[in-house]
Each structure stands twice: as C-alpha cells, then as structure tokens.
Amino acid sequence: MTKQREPKNTEPRREEVDRYFAQFMTTNEVCAYLHITSMTLQRWRKAGKVSGKRAGRYWLYRKEDIEALLKDRK
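Residues numbered from 1 in each chain as written. Predicted model: local features only at pLDDT ≥ 70, side-chain atom pairs only at ≥ 80, totals over all residues. Heavy atoms only, no water.

**A closer look at the packing of helix H2 (residues 27–34) against helix H4 (residues 63–73)**
Where H2 meets H4, the axes come as close as 12 Å, and the angle between the chain directions of the two elements is 25°. Taken together, the axis directions place H2 and H4 in an arrangement best described as roughly parallel. Considering only the axes of H2 and H4, their crossing is right-handed. Two secondary-structure elements touch here, H2 through Val30, Tyr33 and Leu34 and H4 through Ile66, Glu67, Leu69, Leu70 and Arg73. Residue classes in the contact of H2 with H4 are distributed as 6 nonpolar, no polar and 2 charged. (Axes fitted to C-alpha atoms, helices over the stretch in contact; angles between N-to-C directions. Helix = DSSP H or I, 4+ residues; strand = E, 2+ residues; numbered from the N terminus. Parallel < 35°, antiparallel > 145°, perpendicular 65-115°, else oblique. Left-handed = near helix turned anticlockwise from the far one by under 90°. Contact = heavy atoms within 4.5 Å. Nonpolar A, V, L, I, M, F, W, Y, C, P; charged D, E, K, R; others polar.)

**Details of the pairing of strand E3 (residues 58–62)**
By the bridge criterion, 3 bridges tie strand E1 (residues 24–26) to E3 in an arrangement that is antiparallel. Paired with Thr26 across the strands is Leu60, a residue of E3. With 3 bridges joining them, strand E2 (residues 53–55) and E3 adopt antiparallel strand pairing. Along E3, the bridge assignment pairs Lys53 with Leu60. Counting the residues that bridge the hairpin from E2 to E3 gives 2 residues, and of these Gly56 lies at a positive phi of roughly 70°. (Pairing = 2+ DSSP bridges.)

Laid out in structure tokens, this is it:
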C-alpha cells in the first residue's frame with residue numbers, strides 16, 4: 001500500500017496577498033491623497049493623465065503612478 005500525498009496548498013498566503021494589494025490605491029484613497037474629487041480623477045483617467053485598472057466595480061491605481069503624477073504637478 002502506498003502512502004498518498006496531501007495536496008499542496010496552492011492558495012497564496014495572506015501576507016503575499018496583502019503585499020500585492022498594498023501597491024494599489026482605491027478611488028477614495030487617491031482623491032483624499034491628492035485633495036481632488038472623484039469626478040476630477042475620472043476626467044484625468046479618461047484624458048490619460050493617470051491610469052487605473054478596473055477590478056469588478058472598483059478602480060485601482062498604482063501608488064507609483066500617483067506619486068509620479070504628484071511630482072509632475074509640482
């Protein structure tokens with residue numbers, strides 16, 4: 001009789017998921033950080049000033065992109 005192996009856990013660990021999502025900001029976080037309205041952020045996204053990714057019904061923005069936008073505005 002052979003010993004059966006237990007299946008490996010293929011789900012990412014919580015720390016890995018947290019670290020991955022820590023590089024993104026939500027619409028509300030970006031607006032609070034830049035002191036702008038969500039409509040302004042939406043206009044900037046449509047004009048190509050800032051890029052965002054759709055995740056379900058939410059928009060996520062890379063922190064690096066927001067920092068670069070802030071540097072360009074100064």
